[in-house]
Amino acid sequence: MKKKILTTLINLGFSLIRLLSRMPLRIHYCISDVMYLITYHCIHYRRKVVRENLTSAFPEKPLKEIKKIEREFYHWFCDYIVETFKMATISREEMSRRMVFKGTEAIEQCWAEGQSCGVMLGHYCNWEWVSTLPLAMSQKGLCAELYHPIENPETNDFFLQLRQRFGSVCIPMERALRDIVKYRQEGRPLVIGYIADQKPNWRNIHLWMPFLNHNTPVFTGSERIIKRTGQAFFYGDVRRIKRGYYECEFRLIDRHPAHIPDFELSQRYMQEMEKTIRRDPAYWLWSHDRWSRTKEEFDYRFYIKDDKVYEKVTEEEYARHMGWKSYWKH
C-alpha cells in the first residue's frame, strides 16, 4: 500500500513538473533565484563539502574569491535544475538556439567511414542538454549516452524520456559493450557520450593522477570501451556563454586510439577536464564528494593482480587502523 501511494505521489510530482515546464525560461530563472536563496542561505545544502572542495582545489585563491565562486556555483546549480526540467517541453528550435555544438564535422567524417566516436566530458555546465546533440547531426549515425539506471522506476522513466526526447539513445552501463557491438554489426555508427569525472568504485580504481591539487582516483571504464570497440576519441569542451546558453566543442584527440598505452586516454581526458574547470570553475559539480577515497586507504585495503582489484582488509578493519573516531569524521 505504501509503495502504491509513493508511486502515485512521484507520478503526480513529475506531471506537475511537465506542466510547469511549459512556462517560459525567464519564469524558470525566477524560480531558480528563489531556490538559490533557500539552498545557499537557508538550508546550506552541502556547503561544507563545496567549501572544502574549492579551498583544497584552489589553495592559491583567497577566501574572498572562493566565496564568490561558491555563490556562482549555487546560482548555476539551481539554473541547471530548472533547465533540465524545461527539457520536458522546450521546442526543438529553442533548444537548438540555446545548446550549440561545434566540431561536429569531424564526427560526421568518422560516420561516413563507418567509425563510431566516443566523447568524454564531465559534470560541467548543463550536461543533460548535451543529449540534444541529434538536433545538430545528420541521420548517418546515432547519438547515444551511457547511463546508470535509477533504482526508482518512475524516476528512471522520467529521466529517460528527457534524455531521449530529441533522438538520443540511452544505453545502460551494464549493456554497453553488447549494444555497441550490435549497432556496429548493423552498420550504424554511434557517437557516445561518456561522463567520466565521477568517483569510481574501489574495485574499479586502476589509475591515480594529479587533478585539481589532489591525488585523484580515475574512472577508466570509458577508455576501455572506446579502445575495445575502435571508437575515435574526442573531448567535449563545454562552455556557458550566458544564462541559458551553452556551447559544446568536440575536439578530436586520436582517431585510432587502440595503440595508445593503457590509461593514457584517461589521463589526457582528466588534463583537459582540469583546464575546462580552471577556465570557469563555478560550473563544475562541487557538491559531489569527489575526493573521499584516498590513495592511502586504497594501498592499505586493496591490491591489484592481473588487472583486477582485490580487497586485503575491510573498511571496518581500516577504520580500526585509523582510529574509529578520526576515520568516520573523515
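Let us look at the structure shown here. (Residues numbered from 1 in each chain as written. Predicted model: local features only at pLDDT ≥ 70, side-chain atom pairs only at ≥ 80, totals over all residues. Heavy atoms only, no water.)

1. Digging into the environment of Leu207
Okay, step 1: Tracing the sequence through the fold places Leu207 in strand S6 (residues 205-211).
Okay, step 2: Judged by relative accessible area, Leu207 falls into the buried class, the value being 8%.
Okay, step 3: Separated by 155 residues in sequence, Leu207 and Glu52 have C-alpha atoms that sit 23 Å apart.
Okay, step 4: In contact with Leu207, other than residues within four places in its own chain, are Thr216, Pro217, Val218, Thr220, Phe263, Ser266 and Gln267. (Helix = DSSP H or I, 4+ residues; strand = E, 2+ residues; numbered from the N terminus. Buried < 20%, exposed > 50% of the residue type's maximum accessible area, 1.4 Å probe, protein only. Contact = heavy atoms within 4.5 Å.)

2. So, the sheet that holds strand S3 (residues 142-147)
Okay, step 1: Read across the sheet, seven strands follow the order S1-S9-S8-S2-S5-S3-S4 without closing on themselves; strand pairing throughout is mixed. Because the sheet does not close on itself, it has two edges, and the strands there are strand S1 (99-102) and strand S4 (169-172). If you compare each strand with its neighbour and ignore which way they point, the axes differ by 30 degrees on average.
Okay, step 2: Strand direction decides the pairing type here: S1 and strand S9 (residues 245-254), joined by four bridges, are parallel. Looking at S9, one finds that Met99 is bridged to Tyr246.
Okay, step 3: Sheet strands in contact with helix H6 (residues 104-112) are S1, strand S2 (117-121), S3, strand S5 (190-195), strand S8 (232-242) and S9, and its direction is about 155 degrees off that of S8. (Pairing = 2+ DSSP bridges. Axes fitted to C-alpha atoms, helices over the stretch in contact; angles between N-to-C directions.)

3. Concerning the environment of Ile10
Okay, step 1: In this fold, Ile10 is placed in helix H1 (residues 2-20).
Okay, step 2: Between the C-alpha atom of Ile10 and that of Glu296, which follows or precedes it by 286 residues, the distance is 42 Å.

4. Some remarks on the pairing of S4
Okay, step 1: As paired elements, S3 and S4 share four bridges and run parallel to each other. By the bridge assignment, Leu146 is partnered in S4 with Ile171.
Okay, step 2: Of the crossover connections in this fold, the one passing from S3 over helix H7 (residues 153-164) to the parallel S4 is right-handed. (Right-handed = clockwise from strand over helix to strand, strands pointing away.)

5. With respect to the packing of helix H3 (residues 47-57) against helix H4 (residues 63-86)
Each pair of packed helices can be described by the angle between their axes along with the distance between the axes.
Okay, step 1: As a packed pair, H3 and H4 sit with axes 10 Å apart at the nearest point and diverge in direction by 130 degrees. Considering their axes alone, H3 and H4 lie oblique with respect to each other. In this structure, the crossing between H3 and H4 has a hand that is right-handed. Contact with H3, carried on its side by Arg47, Val50, Arg51, Leu54 and Thr55, involves Leu63, Ile66, Lys67, Ile69, Glu70, Phe73 and Tyr74 of H4 and no other residues of that element.
Okay, step 2: Here the residues of the contact of H3 with H4 sort into seven nonpolar, one polar and four charged. (Parallel < 35°, antiparallel > 145°, perpendicular 65-115°, else oblique. Left-handed = near helix turned anticlockwise from the far one by under 90°. Nonpolar A, V, L, I, M, F, W, Y, C, P; charged D, E, K, R; others polar.)

6. Examining helix H8 (residues 176-185)
Okay, step 1: Residues of H8 that are buried: Ala176, Asp179, Ile180 and Tyr183. Projected onto a plane normal to the axis of H8, the buried residues spread over an arc of 100 degrees and lie on a single side. Facing away from the buried side of H8 by more than 90 degrees, the exposed set consists of Arg178 and Gln185.
Okay, step 2: Buried residues along H8 sit in contact with S3, S4, S5 and helix H9 (221-228).
Okay, step 3: Downstream of H8 by a residue or two, Gly187 has a phi angle that is positive, lying close to 75 degrees. (Arc of directions from axis to C-beta.)

7. A few points about the pairing of S8
Okay, step 1: The element S8 is largely enclosed, with a buried count of eight among its eleven residues.
Okay, step 2: Bridge count for S2 against S8 is four bridges, and the pairing is parallel. When the sheet's bridge partners are listed, Gly118 is paired in S8 with Phe233.
Okay, step 3: Where S8 and S9 come together, nine bridges link them in antiparallel fashion. Following the sheet pairing, Val238 is matched in S9 by Cys248.
Okay, step 4: Between S8 and S9, which pair antiparallel in sequence order, lie two residues; one of them, Gly244, sits at a positive phi of approximately 85 degrees.

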